[in-house]
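Chain and residue survey
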Protein chains: 2
Amino acid sequence: MHIAQLAPLWERVPPVKYGGTELVVSLLTEELIRRGHQVTLFASGDSITAAKLEGICPVPMRDDRQLLEPIVYDLLATTTVYQQAEEFDIIHNHLGIAMLPLARLSATPIVHTLHGVFNRDNLQLFNKFSEQPLISISNSQREPAPHLNYVATVYNAIDVPSYDFRQEPEDPPYLAFLGRVSPEKGLHIAIDVARRSGWRLLIAAKVERTGRDWEYWQVIKPSIDGKQIQFLGEIGKQEKCKLLSGATATLCPINWREPFGLVLIEAMACGSPVISLSNGSAPELIKHGETGLLVEDADEMIEAVRQIKSIDRNRCRKHVEENFSVARMADGYEQAYQKALGKEDIILAKPQFQPLAKSATIAAAD
Amino acid sequence: MHIAQLAPLWERVPPVKYGGTELVVSLLTEELIRRGHQVTLFASGDSITAAKLEGICPVPMRDDRQLLEPIVYDLLATTTVYQQAEEFDIIHNHLGIAMLPLARLSATPIVHTLHGVFNRDNLQLFNKFSEQPLISISNSQREPAPHLNYVATVYNAIDVPSYDFRQEPEDPPYLAFLGRVSPEKGLHIAIDVARRSGWRLLIAAKVERTGRDWEYWQVIKPSIDGKQIQFLGEIGKQEKCKLLSGATATLCPINWREPFGLVLIEAMACGSPVISLSNGSAPELIKHGETGLLVEDADEMIEAVRQIKSIDRNRCRKHVEENFSVARMADGYEQAYQKALGKEDIILAKPQFQPLAKSATIAAAD
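Report follows, based on the coordinates. Residue indices begin from 1 for each chain and proceed along its sequence in written order. Written order determines the labels here, with chains lettered from A and ligands numbered from 1. Note on the predicted model: pLDDT of at least 70 is required for a residue's local features to be given, and 80 or more for side-chain atom pairs to be given and counted; whole-chain, interface and lining totals, by contrast, use all residues. Side-chain descriptors were evaluated using all non-hydrogen atoms of the structure, hydrogens and water having been removed beforehand.

Okay, the sheet that holds strand β13 (residues 292-295) of chain A next. Residue and element names in this part refer to chain A. Strand pairing is assigned whenever DSSP identifies at least 2 bridges connecting the two strands. Secondary structure elements are defined from DSSP: runs of H or I of at least 4 residues count as helices, runs of E of at least 2 residues count as strands, and each element is numbered from the N terminus. Taken in spatial order, the six strands make up an open sheet running β10-β9-β8-β11-β12-β13, and their pairing is parallel. Edge positions in the sheet fall to β10 (229-233) and β13, since each of these pairs with one other strand and no more. Sheet twist, expressed as the average angle between the axes of neighbouring strands with direction ignored, equals 20°. In the sheet, strand β12 (residues 274-277) pairs with β13 via four bridges, with the strands oriented parallel. Residue Val-274 lies in a different strand from β13, and its bridge partner there is Gly-292. Across the sheet, helix α5 (residues 187-197) is in contact with β8 (175-180), β9 (201-206), β10, β11 (249-252) and β12; its angle to β9 comes to roughly 170°. Think of each axis as a best-fit line through the C-alpha atoms, taken over the contacting stretch in the case of a helix, with angles from 0 to 180 degrees between the N-to-C directions. Here a residue-residue contact requires only that any non-hydrogen atoms of the pair lie within 4.5 Å.

Here it is, written out as structure tokens:
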């Protein structure tokens, strides 16, 4: 197939550091090429890809000190891909709502992966274009707008082999927290759990130096004693693997409707069971009792820490290999493309993607 | 004609307080209706108009405390007008760049009034849609992009009869400054001129409490002595007319490429000659030596204050009545619509608009 991939323009594809969406676009693009598809990537001009690159802006918008009107580049991207539409069998939009007005007018089908959350504002636009084929990154993501035209849920993936796995956790043992310092990531809950259960907690987190997150950090900071509660700051991939693979468990006290918790699958890939509040996509990503534990509050999280040794670390790794590999994600998107093209009855050579929520299928495969 | 007017969504049409563009859209819309056109106004839902109103958002975005994604409403507006396009003879876009991608696909011609300035970002989009018919609000506005497809310059208008005129300035005399407290409005130059020439200066200006403008205000504030240099803060229409009509001259030390200086025509309408730095649209709005004086720096501005009594205040008012009335603006837009529709040869019953830069025409009409 001839496929257009339209990436967000905030980061390079793949991103130098952050940029969850840009990383997913990169993994998908390179895998589609490996599978023999012809792919054109519309992205920041410094992107690195085996696809044909259509650079929309010379540097990622995040690095552009002279940037005045970000929407200009979104509109440049959507119009550029629209102008070339007839060259493609399918256009895959990861950029967001700016593509919707032209999507309806495109003779080439366009599928839109939802990388964000629905809110009062963008829902009005999705409702106006309710015929557009959407792909959710978890089933829970759909909840505020179950009436829209979803063609699939395709979970995000990680490059599993690049994550170090450890059979046994580090000794002396510790719990891990990885994420932004932000109320909705629930760092205060993780600290409370560690203190009350007497465990060491190693925190690797980015601190945003503005706004609400910065105020939150002022409240959190006094709890960091450098002994029981240690703060490692922002860390790279290698240190991240070391932290997660050595952890007895990773705490994810997610306080919001997170559409896809990447940290959860990264932790499990490294062999760390995950203890998460049962919000957003967490129940779809963790197999409760097998790869981690879903809890409702801090008290239950403390109880879960006591039980965590019952989780098999090999099972955690295997769960990610089976359900969140790049191959699995690409299978899901290939099938979604077929469905959007009205060819959903064609049997693909590769095993078809099954939403993880239908857990019977997964259990049967064990 | 059936005309669609697409207004910005930041303020009501007409605006409660600020909103230069929304005010122009209101004056134009009501005048077009008076002339027998059928007009649909796409604007904030609380707008007040004799046109058919298509409310895009219930309240203006500026008043919407829950606003998360302003671009959503721009896209809702542009797609709503596009969907109804065949009902109109012409669509008049005041909203900006969000209309460009759909404009090329519209069977109904769309003209775009440029209410802002060109910058590195938006120029890329205008270049991509370089066939689109643009209307500038001054000739100087075109300078960074003279190659685009301009169908007319149509100057902004004010409702001249609603501005009080005074034949003689207030005694004791003073100079006036009206505008935002902002480096590009040049308040520091006005204060320097007043101090060095020994004149009183009355300043009516809004102070933005954030960013660069707030820093600038900290530098300016010590100069306000409440006697020679007086600060009136933000004032309403009635106080504005009182300030301007009583001023011996209004100082406009504009430091940037302002596409249309509304204060200049408001001052002249009230009978106040204007002394302005010769930047942006100022040379098109002031008739040098007749309705004000154009200068190059503070020293020349001091010299101009000495000469200001030679300017006839009646001539100032007449200049605005002749060139910046709502009727004149509506004439200009009617002609621009005809041109965009390819009917530019049709002789209109009303006198045709002439760009002010061709000053021979105006001089001949005196």
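This is not the end of the story, as more comes after the structure.
Cavities and pockets are defined on a 1 Å grid built over the protein atoms alone: a cavity is a set of grid points where a 1.4 Å probe fits but cannot escape, while a pocket is an open set with protein on both sides within 12 Å along at least five of seven lines, and lining residues are those with an atom within 4 Å of any such point. Grid points are joined across faces, edges and corners, and a volume is the space filled by probe spheres set on the points. Considering all chains together, one arrives at three cavities of 30 Å³ or more under this definition. Roughly 60 Å³ of volume is contained in the largest cavity. As for the largest cavity, its lining consists of Leu-75, Thr-78, Ala-98, Pro-101 and Leu-102 of chain A together with Leu-75, Thr-78, Ala-98, Pro-101 and Leu-102 of chain B. Looking at the lining of the largest cavity, the elements that each hand over two or more residues are α2 (70-83) and α3 (100-103) of chain A together with α2 (70-83) and α3 (100-103) of chain B. Put simply, Ala, Val, Leu, Ile, Met, Phe, Trp, Tyr, Cys and Pro go in the nonpolar bin, Asp, Glu, Lys and Arg in the charged bin, and everything else, Gly too, in the polar bin. For the lining of the largest cavity, the class distribution of residues is eight nonpolar, two polar and no charged.

The next subject is the packing of helix α1 (residues 20-34) of chain B against helix α12 (residues 326-340) of chain B. When two helices pack together, their arrangement is given by the angle between the helix axes and by the axis-to-axis distance. All names here are of chain B. Running from N to C, α1 and α12 point in directions that differ by 75°, and their axes come no closer than 10 Å. Of the possible angle classes, the one that applies to α1 and α12 is roughly perpendicular. Along its contact with α1, which presents Val-24, Leu-27, Leu-28, Glu-31 and Leu-32, the element α12 presents Val-326, Ala-327, Met-329, Ala-330, Tyr-333, Glu-334 and Tyr-337. Considered class by class, the residues forming the contact of α1 with α12 number 10 nonpolar, no polar and two charged. Our angle categories are set so that under 35 degrees counts as roughly parallel, over 145 as roughly antiparallel, 65 to 115 as roughly perpendicular, and the remainder as oblique.

Glancing now at the relation of the copies chain A and chain B. We place the copies in one frame by least squares, fitting the C-alpha atoms of every residue whose pLDDT is at least 70 in both. Superposing chain A onto chain B takes a rotation of 180° combined with a translation of 0.0 Å along the rotation axis, leaving an RMSD of 0.0 Å. Put plainly, the chains are arranged around a two-fold axis. Interface overlap between copies is the fraction of interface residues in one copy that are interface residues in the other; for chain A against chain B it reaches 100%, indicating a shared surface.

With that out of the way, let us pick up the side chain of Ser-136 of chain B. All names here are of chain B. Of note, Ser-136 is situated in strand β6 (residues 134-136). On the basis of relative accessibility, which here comes to 0%, the residue Ser-136 falls in the buried class. Engagement of the side chain of Ser-136 in a polar contact is seen with the backbone oxygen of Ser-138, the distance being 3.5 Å. Here a polar contact is taken to be a pair of N or O atoms separated by no more than 3.5 Å, where protein atoms must pair a possible hydrogen donor with a possible acceptor and residues adjacent in sequence count only if both atoms sit in side chains. A polar atom in the side chain of Ser-136 sits 2.7 Å from the side chain of Thr-153. Those residues in contact with Ser-136, other than ones at most four positions away along the chain, are Leu-114, Gln-141, Arg-142, Tyr-150, Ala-152, Thr-153 and Val-154. Only protein chains enter the calculation, and the probe is 1.4 Å; a residue is then buried if its accessible area is under 20% of its type maximum, exposed if over 50%, and partly exposed in between.

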